[in-house]
Amino acid sequence: MTNGPPLTGDAFLQVMAALGNPHRMRIIASLSHGRNYVSQLARDIGMSRPLLHMHLKRLESSGLITGSLEVSRGGKAMRYFEVVPFVYELTPELVAEAVRTLTDEGDEGRAPAGDGGGRELTDGGGKQAHRGLFDASGFTNGAAVEAKEEENR
């Protein structure tokens, strides 16, 4: 990260996981144009408010966005969100530094050792098609899948 203190390994994983979901990427893209309140944001990106709240919580806990509660002129409480400016330069050195600062808490929620961090996929006949890295939402890490497919050829 070039605009703040270095990320710990755990914070690095949290940011990467938050950005590793297409819905959360769409939220960041929409908020990059300016702050917005939940109902309008849900309409803008075509997502239900409950699902949006789940993704906003994940983005906020990773420090990528911030939310504030405001009262409208009509007296209605409205939750606004905005992007916290960030710049990350992903380098092998950053990854190495992040690894040195990982804690046991950073290992929570990840696949056990030996699992490869992925779920097995089959070609429909039970034969393994490839192993990919998946985040908690079930979306693949495309680069890891491509690398594994290349390895299997």
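Residues numbered from 1 in each chain as written. Predicted model: local features only at pLDDT ≥ 70, side-chain atom pairs only at ≥ 80, totals over all residues. Heavy atoms only, no water.

Student: Can you tell me about the environment of Val95, naming the residues and giving the values?
Tutor: Relative to the helices and strands, Val95 resides in helix H5 (residues 92-100). C-alpha of Val95 to C-alpha of Gly9: the two residues are 86 residues apart in sequence and 8.0 Å apart in space. Apart from residues lying up to four places away in sequence, Val95 is in contact with Phe12 and Leu90. (Helix = DSSP H or I, 4+ residues; strand = E, 2+ residues; numbered from the N terminus. Contact = heavy atoms within 4.5 Å.)

Student: With reference to specific residues and values, describe the packing of aromatic side chains.
Tutor: All chains considered together, the criterion is met by two aromatic pairs. Ring centres of Tyr37 and Tyr80 lie 5.7 Å apart, and the angle between their planes is 65°; this geometry places the pair in the edge-to-face category. Here Tyr37 is found in strand S1 (residues 36-37), whereas its partner Tyr80 is found in strand S3 (residues 77-83), with 43 residues between them in sequence. The class of Tyr37 is partly exposed, set by a relative accessible area of 24%. (Phe/Tyr/Trp six-rings, centres within 6.5 Å; stacked < 30°, edge-to-face > 60°. Buried < 20%, exposed > 50% of the residue type's maximum accessible area, 1.4 Å probe, protein only.)

Student: Report on the pattern of salt bridges, specifying residues and quantitative values.
Tutor: According to the stated counting rule, one finds three salt bridges in the structure shown. With a closest N to O distance of 2.7 Å, Arg35 and Glu70 form a salt bridge. A residue pair is termed long-range when its members are at least 10 positions apart, and Arg35 in the loop between helix H2 (22-31) and S1 and Glu70 in strand S2 (residues 65-71) qualify at 35 residues. With its nearest N and O atoms 2.9 Å apart, the salt bridge here joins Glu97 to Arg100. In this pair, Glu97 and Arg100 both sit in helix H5, three residues apart, roughly one turn of the helix. Assessed through its relative accessible area of 35%, Glu97 is described here as partly exposed. (Salt bridge = Lys/Arg side-chain N within 4 Å of Asp/Glu carboxyl O.)

Student: Outline the packing of H2 against helix H4 (residues 49-61), supporting the account with residue identities and numerical values.
Tutor: The contact between H2 and H4 brings their axes to 10 Å, and the two run at 75°. Relative to H4, H2 is oriented roughly perpendicular. Contacts between H2 and H4 involve His23, Arg24, Ile27 and Ile28 on the former and, on the latter, Leu52, His55, Leu56, Arg58 and Leu59. Taken together, the residues of the contact of H2 with H4 sort by class into five nonpolar, two polar and two charged. (Axes fitted to C-alpha atoms, helices over the stretch in contact; angles between N-to-C directions. Parallel < 35°, antiparallel > 145°, perpendicular 65-115°, else oblique. Nonpolar A, V, L, I, M, F, W, Y, C, P; charged D, E, K, R; others polar.)

Student: Quick one: what's the story with the environment of Ser30, residue by residue and with numbers?
Tutor: Along the chain, Ser30 falls in helix H2. With 15 residues separating them along the chain, Ser30 and Ile45 place their C-alpha atoms 7.6 Å apart. Setting aside chain neighbours within four positions, we find Ser30 in contact with Leu41, Asp44 and Ile45.

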